[in-house]
Each structure stands twice: as structure tokens, then as C-alpha cells.
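# Descriptive structure summary
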Amino acid sequence: MKAVAIEQFKGLPQLMDLPKPAVRKGAVVVKMQAAGLNPFDWKMIDGILDGQMKHQFPMIIGVDGAGIVEEVGEGVTRFKKGDQVYGQFIHSPIGEGSFAEYVVVPEKSNITLAPRKAEPAQAAAVPTSGMTAQQLLEKLHLHKGDLLLVYGATGGVGSYAVQLAALQGIKVIATVSDGAGAQRMKSLGAAVTINYEDAPIYEQVKQLYPDGIHGIIDLVSQAAGFSKNLDLLSPGGSAYTTVFVADEHEIRDKGLHGGNFETESSPEALDKLAQIIDSGELVIPLETKITLEDVPQAIVASRHGRGKGKTVILIG
């Protein structure tokens, strides 16, 4: 089968011909139809989980994906042959990832039945970004009418966060770099857009809301920037970063809530997202479609650029 893999940590991803995985007890074999590209993919290449989980090489990369269950192993009860599934295909050993024509995955992994009203390419764009956005909002504990700054709004997580917040009646301030981004964010429910090319975001928000805002989702700032943004919050406000640059003692000392955020993946969270998608209330920000052959170049671009929407790999 065709798969994108590396021979060693920090190696260059390559399209390889590898054996189709065999079904195992408690696992299913999924014929992959699409996979989603995330920054975590190149972090895995660099060995972010080395020493935490077992790895095997060649290491097939990729976390998010969608496909059809082709084989069911002994003892499996959650799925049957022919089920359309989506989710995070990461499991131990690391190296049986979603950037492949077939994946073997334990049924206890973070996969579940795919949204009925989403094509496989759309479903593959949801899992990591969608769950992250969903759980960030839950952590913020905002209310209808509150002001939320989404810093890094045009990427995958940001695009979901803008929509999910707007659905709750939260007024979203979305950061953008151009008019096209502003238009897209408005279409997803943002109340206000701020172009960071015009002036520093901090200065623009401070001028617009001198009494402060209620929450911040920061997907891009480094430590100094995140710390400065805390001063945009009104007393008791909340701020979370996915870049792990927060000083949580500083946040508490300022009478605020928040800190470094890590997604807690689960089939239940994926089921909740599937329900929202099937209700027609969530637009899946699918920006670019590529093939397995294009993945090595796309990973290089992911390392150095800011994504707009989601990149999805069409497989089968």
C-alpha cells in the first residue's frame, strides 16, 4: 500500500510502498478515504512523543482521518464491517498513522462513527482542530454576549472556535491578515475582525474595548505576546494558549483564569461534534485538498506558514 513515512526521527517524509496492515484482536482495519494535516504531524516527526510512547519505523505519520471499516478483529464490539468512521488514528505503537491507504487501529482509540452529512474529506478535517476548539470554549466558561478574542482565527482551530463561540451567542473578535480573511471570518460568525497588518493586535483591541474583554484563545503568540495580551482582560477573565507559553502563576496573580491548554480527545467529544455537523450549524473550513504524493511538501509548508482553514489529503 501507499503511505507517507519516515525512516528516523527528524527524517524527511517519503511516499513509500509498505505492507497492508493485518487485523489484530481488539482492532479494526480501516480503508482510508481522507486524512487531515495538522502541525502535530511534523512535531511527531521531530520526536515529540519519543520516550512517552513506543514507536516503530518506517513510521507512518498522520493523526486525523476518515474511512470505511474493512476488517474487524476478534472481540471488537463498537464497529462492524462497512461502518464509516472518523477521528484520531494515533495509538501505540506510533507509526501506524492515517497517511496511508489502510490503517489498523484499536477500537478503543479516539475514533467513532462519522457525521452522516459530511463527506470523508470534510470529516477528516474535523477531529483534532474541532475537539481543541470545542474544549477551549468549555474551559473559558463564557456567556452569551461576552467578548472573545481569537488570536490566530483563520487556521483550523480558530475557524472552529469562531463558529462554536458564535453559536453560543459569544461576540467573537477574530484576527486576520487581509480582506479575504476578514470576509471569511464574518461569514463564520465573527462580530469583529482585526487586521494584524494594520497595527499590533493589543493596541487595536485596547482601543476598541478599553474596559476589557472576557476571554482569549491564543493559538499563535509566544510568551511575551501572550503575557501582554492578559492585560486586555477584564477582572476574572480567562485566557488559554495552545502554544504552551503561559506563566500560570502570572495568570493567577492577576486574578485571571486560564493557562496552557492540551486537548483531551475522546469518542464522546467526536460524537458531540458529529451532532453539530449533522445539524448543519458548523461549516468545515476545508481550504486545500492534496494527495499522498503532495504530503512531504505540505509538511514543509506547515512548519513555516500560518494555515488558512484545513488541508486534507484525499486517499481513496
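Below: a short report on this structure. No experiment lies behind these values; they were computed from the predicted model shown.

### Some remarks on the nonpolar core
Core analysis: the biggest nonpolar cluster contains 46 residues, and Tyr86, Leu137, Leu148, Val162, Met185 and Ile217 have the highest contact counts within it. When contributions to this core are tallied by element, the ones reaching two or more residues are helix 2 (120-124), helix 3 (127-140), strand 10 (147-151), helix 4 (156-167), strand 11 (171-176), helix 5 (179-187) and helix 9 (267-278). Of all hydrophobic cores here, the second largest spans 31 residues; its members include Val28, Ala35, Val63 and Ile315.

### A closer look at the packing of helix 3 against helix 4
The geometry of helix 3 relative to helix 4 is characterised by a closest axis approach of 8 Å and an angle of 45 degrees between their N-to-C directions. The angle between helix 3 and helix 4 places the two elements in the oblique class. Considering the relative orientation of helix 3 and helix 4, their crossing is right-handed. Packed against helix 3, whose contacting residues are Ser129, Gly130, Thr132, Ala133, Gln134, Leu136 and Leu137, the element helix 4 presents Gly156, Val157, Tyr160, Ala161, Leu164 and Ala165 at the interface.

### Description of the sheet that holds strand 11
In spatial order, the strands read 12-11-10-13-14-15; together these six strands make up an open sheet with parallel pairing. The two strands at the open ends of the sheet, each matched to only one other strand, are strand 12 (192-195) and strand 15 (257-260). Put simply, the sheet's adjacent strands are angled 20 degrees from each other on average, direction ignored. Here strand 10 pairs with strand 11 via four bridges, running parallel. Within strand 11, the residue paired with Leu148 across the bridge is Val172. On top of the sheet, helix 6 (residues 201-208) reaches strand 10, strand 11, strand 12 and strand 13 (213-218); it is set at about 140 degrees to strand 12, its chief contact.

### As for the packing of helix 3 against helix 9
In the contact formed by helix 3 and helix 9, the axes pass within 10 Å of each other and the chain directions differ by 95 degrees. The pairing of helix 3 with helix 9 is recorded here as roughly perpendicular in orientation. For the pair helix 3 and helix 9, contact is made by Pro127, Gly130, Met131, Gln134, Gln135 and Glu138 and by Ala269, Leu270, Lys272 and Leu273, respectively. Looking at the contact of helix 3 with helix 9, its residues break down into five nonpolar, three polar and two charged.

### Some details on helix 3
Compared with an ideal rise of 1.5 Å per residue, which puts 14 residues at 20 Å, helix 3 spans 20 Å between its outermost C-alpha atoms and is within 8% of the ideal. Among the 14 residues that make up helix 3, 12 are buried, leaving the element largely enclosed by the rest of the structure. Listed in full, the buried residues belonging to helix 3 are Pro127, Thr128, Ser129, Gly130, Met131, Thr132, Ala133, Gln134, Gln135, Leu136, Leu137 and Leu140. Just beyond helix 3, the residue with positive phi is His141, at close to 55 degrees.

### Concerning the pairing of strand 4 (residues 55-60)
In this sheet, strand 4 lies alongside strand 1 (residues 2-6) in antiparallel orientation, the contact comprising two bridges. By the bridge assignment for strand 4, Ala5 is matched with Ile60.

### Side note on unusual backbone geometry
Most peptide bonds take the trans configuration, and most residues that are not glycine carry a negative phi. At the junction of Phe57 and Pro58, the peptide bond is cis and its omega measures out at -5 degrees in the coordinates. With respect to the helices and strands, Pro58 occurs in strand 4. Going from Ser92 to Pro93, the amide bond is cis rather than trans, its omega being 5 degrees. By the secondary structure assignment, Pro93 is in the loop between strand 6 (84-88) and strand 7 (94-96). Positive phi, close to 55 degrees, is recorded for His141, a residue that is not glycine. Along the chain, His141 falls in the loop between helix 3 and strand 10. The exposure class assigned to His141 is exposed, which follows from its relative accessible area of 62%. Unlike most non-glycine residues, Phe244 shows phi in positive territory, near 60 degrees. Tracing the chain through its elements places Phe244 in the loop between strand 14 (233-241) and helix 8 (248-253).

Criteria and thresholds
Residues numbered from 1 in each chain as written. Predicted model: local features only at pLDDT ≥ 70, side-chain atom pairs only at ≥ 80, totals over all residues. Heavy atoms only, no water. Core = buried A, V, L, I, M, F, W, Y, C linked by side-chain atoms within 4.5 Å. Buried < 20%, exposed > 50% of the residue type's maximum accessible area, 1.4 Å probe, protein only. Helix = DSSP H or I, 4+ residues; strand = E, 2+ residues; numbered from the N terminus. Axes fitted to C-alpha atoms, helices over the stretch in contact; angles between N-to-C directions. Parallel < 35°, antiparallel > 145°, perpendicular 65-115°, else oblique. Left-handed = near helix turned anticlockwise from the far one by under 90°. Contact = heavy atoms within 4.5 Å. Pairing = 2+ DSSP bridges. Nonpolar A, V, L, I, M, F, W, Y, C, P; charged D, E, K, R; others polar. Expected span 1.5 Å × (residues − 1).

Just distances and angles here, no functional claims.
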